Amino acid sequence: MRKYYQKEVETASREELIKMQSEKLVKQVRHVYDKVPYYRNLMREKQVCPEDIRCLEDIKKLPFLCKDDLRDAYPYGLLGTDLKECVRIQSTSGTTGKRVVAFYTQKDVDLWEECCARAIVAAGGSDEDVCHVAYGYGLFTGGAGLHGGAHKVGCLTLPMSSGNTDRQIQFMMDMESTILCCTPSYAAYLGEAMAERNISPEENKLKAGIFGAEPWTEEMRRSIEKSLGIKAYDIYGLTETSGPGVAFECEEQSGMHINEDHFYAEIINPETGEVLPEGSKGELVLTSLDKEAFPLLRYRTRDICILSREDCSCGRTHVKMTKPMGRSDDMLIIRGVNVFPSQIETVLLKMGYSPNYQIEIDRKNNTDTFDVYVEMSSIQMSDKISDIQKKEKDIETSMRAMLGIGPKIHLVPIKSIARSEGKAVRVVDKRKLHE
Ligand code: DLL
């Protein structure tokens, strides 16, 4: 059975990798400087020009990019090619405010799909497999990325998209799906739904799952593996860097190999921006080394993790990252959707509510619950119950329009949300997602 999708590069020596990365970086910095005025200005502010970047070490001289830059430059300000050369747009979940829109040339799509193909092969996939893609299709990168990867590997690809659990199970059983790709929480839910339908793990033909897009624990891995009778592999990525496939797990299931021929990874102290030595816990910063349309240099992912270059028994030489251990900003991932508390606050203030609110998230039956408690004004307190219920519904609708998912809104009496002495406690996250 095939062990690697692109053996030569996946097992290249460190020296070869560093040489490749250095060459690509020098070229990429020149490309970005010439093509992206936004980044050129940032470089000028830092008094660095393309000639200063001669090897990998020099990357430290470059400025960082962060989500705010993406927002400032929205929609076309970071394009590295003419729009005419782009063939695809994908975007983050969540809508207004913090939406990220990424562009792709055909070459970008091909490289992205190859990264996903590597993940599928590392999970034991081949052209003998039926790859069941239950990540959302559409603007979200999950469906498109794994779908493209499955095609490259030659799998029979089932473009299921998310939702409609009965149909998922029917196709999984009838088409004899062998590899499942979806969020870990949906995988857990499918496991439960199959048990409820008296389908035992031995009855399905699944052998592996490729799960990511949200935090999940080792316990969750074990529970999914048991309920579906599979091996469950992690996959990491973000829209800004194409989507899934920046990093993926191999048979060792102990951290994800970053596709270092396409992404250069650094770990920084999120407070100071200082680059930390290998083995330190900090914020992951990624540089896409050969993307054409959306070539981000030193992009601050806000994901906290640790990198390790210890030898891996799978033979891959690319650096491994731990599961993300949290974020250095306040972004929440609820049912796979990226949510910022500031978006919730914007809706409430626009609708005339006070900024006294609290977001409560929990996980019940493998599904995230999402409740927002909002204080009423003294005038609203005298409203009839039916009026209050209508107001709750109205807020819910506006939030759904803003976020892409609707929380359950609870209008509560004035002063019932505990005031804090320091920073307000806006988010109570009861899920235990990080070990
Ligand atoms: O979630 C891309 C993706 C799709 C990855 C399918 C894996 C599988 P965004 O919607 O832009 O893109 O969200 C990116 O999700 O910064 C992390 O905080 C989080 N994330 C992604 N993968 C993992 C993972 C996609 N394996 C944000 N574990 C990232 C934990 C993850 N968090």
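Residues numbered from 1 in each chain as written. Predicted model: local features only at pLDDT ≥ 70, side-chain atom pairs only at ≥ 80, totals over all residues. Heavy atoms only, no water.

Colleague: Tell me about the overall build of the protein, and please be specific about residues and values.
Modeller: Within the protein, the regular secondary structure consists of 11 helices and 19 strands. Here the C-alpha radius of gyration of the protein, 23 Å, is about what a compact globule of 435 residues would show, namely 22 Å. Taken along its principal axes, the extent of the C-alpha atoms in the protein is 70 × 60 × 40 Å. Within the protein, buried positions represent 54% of all 435 residues. Here the protein contributes 59 positive and 67 negative side-chain charges, whose respective centroids are spaced 3 Å apart. (Helix = DSSP H or I, 4+ residues; strand = E, 2+ residues; numbered from the N terminus. Rg over C-alpha atoms; globule rule 2.2 N^0.38 Å. Buried < 20%, exposed > 50% of the residue type's maximum accessible area, 1.4 Å probe, protein only. Lys, Arg positive; Asp, Glu negative; His and termini not counted. Charge placed at Lys NZ, Arg CZ, Asp CG, Glu CD.)

Colleague: So what about the nonpolar core? Which residues, and what values?
Modeller: Ranked by internal contacts, the top residues of the largest apolar core, which has 51 residues, are Y39, I258, L284 and M321. Counting 23 residues, the second-largest nonpolar core is a separate cluster that includes I344, I361, M376 and I395. (Core = buried A, V, L, I, M, F, W, Y, C linked by side-chain atoms within 4.5 Å.)

Colleague: Explain the sheet that holds strand β18 (residues 408–412) to me, and be specific about the residues and the numbers.
Modeller: Pairing is mixed across the open sheet formed by 4 strands, whose spatial order is β18-β17-β16-β19. Looking at which strands have only one partner, the edges of the open sheet turn out to be β18 and β19 (427–429). In this sheet, neighbouring strand axes are inclined to one another by 20 degrees on average, regardless of whether the strands run parallel or antiparallel. Direction of pairing for strand β17 (residues 367–375) relative to β18: parallel, over a ladder of 5 bridges. Bridge pairing links D371 to K408 in β18. (Pairing = 2+ DSSP bridges. Axes fitted to C-alpha atoms, helices over the stretch in contact; angles between N-to-C directions.)

Colleague: Residues and numbers for the side chain of K320, please.
Modeller: Counting through the fold element by element, K320 comes out in strand β13 (residues 320–321). When its relative accessible area of 8% is taken as the criterion, K320 is described as buried. Side chain to side chain, K320 and E252 meet in a polar contact 2.9 Å long. Sequence-distant contacts of K320, defined by excluding residues within four places in its chain, comprise E252, S254, G255, M256, H257, I306, L307, S308 and C312. (Polar contact = N/O pair within 3.5 Å; in protein donor to acceptor, adjacent residues only side chain to side chain. Contact = heavy atoms within 4.5 Å.)

Colleague: Describe the site of the ligand, listing the residues and the values that go with them.
Modeller: In the neighbourhood of the ligand, 21 residues make up the surrounding shell, with A213, D234, I235, T239 and D303 lying closest. Within the backbone of E214, an N or O atom sits 3.2 Å from a nitrogen atom of the ligand. If you list the elements that add at least two residues to the shell around the ligand, you get α6 (141–153) and β7 (231–238). A per-element tally of the shell around the ligand places β7 first, with 5 residues. When its residues are assigned to classes, the shell around the ligand shows 10 nonpolar, 7 polar and 4 charged. (Near = heavy atom within 4 Å. Nonpolar A, V, L, I, M, F, W, Y, C, P; charged D, E, K, R; others polar.)

Colleague: I'd like a rundown of the packing of aromatic side chains, residues and numbers included.
Modeller: For any pair of aromatic rings, the description consists of the separation of the ring centres together with the inter-plane angle of the planes. Counted under the stated rule, the structure contains 5 aromatic pairs. Members of the aromatic cluster, joined through ring pairs, are Y76, F103 and F294. Across the ring face of Y33, the terminal group of R40 is positioned such that the distance to the ring centre comes to 6.0 Å. Over the ring of Y357 we find R426, and its NZ or CZ is 4.4 Å from the ring centre. (Phe/Tyr/Trp six-rings, centres within 6.5 Å; stacked < 30°, edge-to-face > 60°. Lys NZ or Arg CZ within 6 Å of the ring centre and 35° of its normal.)

Colleague: Any details on the packing of helix α8 (residues 184–196) against helix α9 (residues 218–228)? Residues and values, ideally.
Modeller: At a closest axis distance of 9 Å, the pairing of α8 and α9 adopts a crossing angle of 35 degrees. Like other packed secondary-structure pairs, α8 and α9 cross with a definite hand, here left-handed. Residues P184, S185, A187, A188, L190, G191 and M194 of α8 pack against M220, I224, S227 and L228 of α9. Along the lines of polarity and charge, the residues of the contact of α8 with α9 split into 8 nonpolar, 3 polar and no charged. (Left-handed = near helix turned anticlockwise from the far one by under 90°.)

Colleague: Go over the side chain of T183, please, and point to the residues and values.
Modeller: Tracing the chain through its elements places T183 in the loop between β5 (179–182) and α8. Beyond its immediate chain neighbours, meaning those up to four positions away, T183 contacts Y135, F211, G212, A213 and E214.

Colleague: Let's hear about the layout of surface pockets: which residues, and what values?
Modeller: Considering only enclosed or pocket space, the second largest pocket measures out at about 460 Å³ in volume. Along its surface, the second largest pocket is lined by 21 residues, and S162, T183, Y186, R335 and G336 are the ones closest to its centre. Sorting the residues of the lining of the second largest pocket by element identifies α8 and β17 as the ones contributing at least two each. Broken down by element, the lining of the second largest pocket gets its largest block of residues, 3 residues, from α8. Of the residues belonging to the lining of the second largest pocket, the class tally is 9 nonpolar, 9 polar and 3 charged. (1 Å grid on protein atoms, 1.4 Å probe; cavity = no way out; pocket = protein on both sides within 12 Å on 5 of 7 lines; lining within 4 Å. Points joined across faces, edges and corners; volume = space filled by probe spheres on them.)

Colleague: Can you tell me about the state of the cysteines, naming the residues and giving the values?
Modeller: Simply put, disulfide is the name for a covalent bond between the sulfur atoms of two cysteines. Across all of its chains, the model carries 0 disulfides by this definition. Unpaired in this structure, C66 has its nearest cysteine sulfur neighbour in C305, at a distance of 18 Å. With no disulfide of its own, C181 has C131 as its nearest cysteine by sulfur position, at a separation of 3.7 Å. Owing to a relative accessible area of 0%, C181 belongs among the buried residues under this scheme. (Disulfide = S-S within 2.5 Å.)

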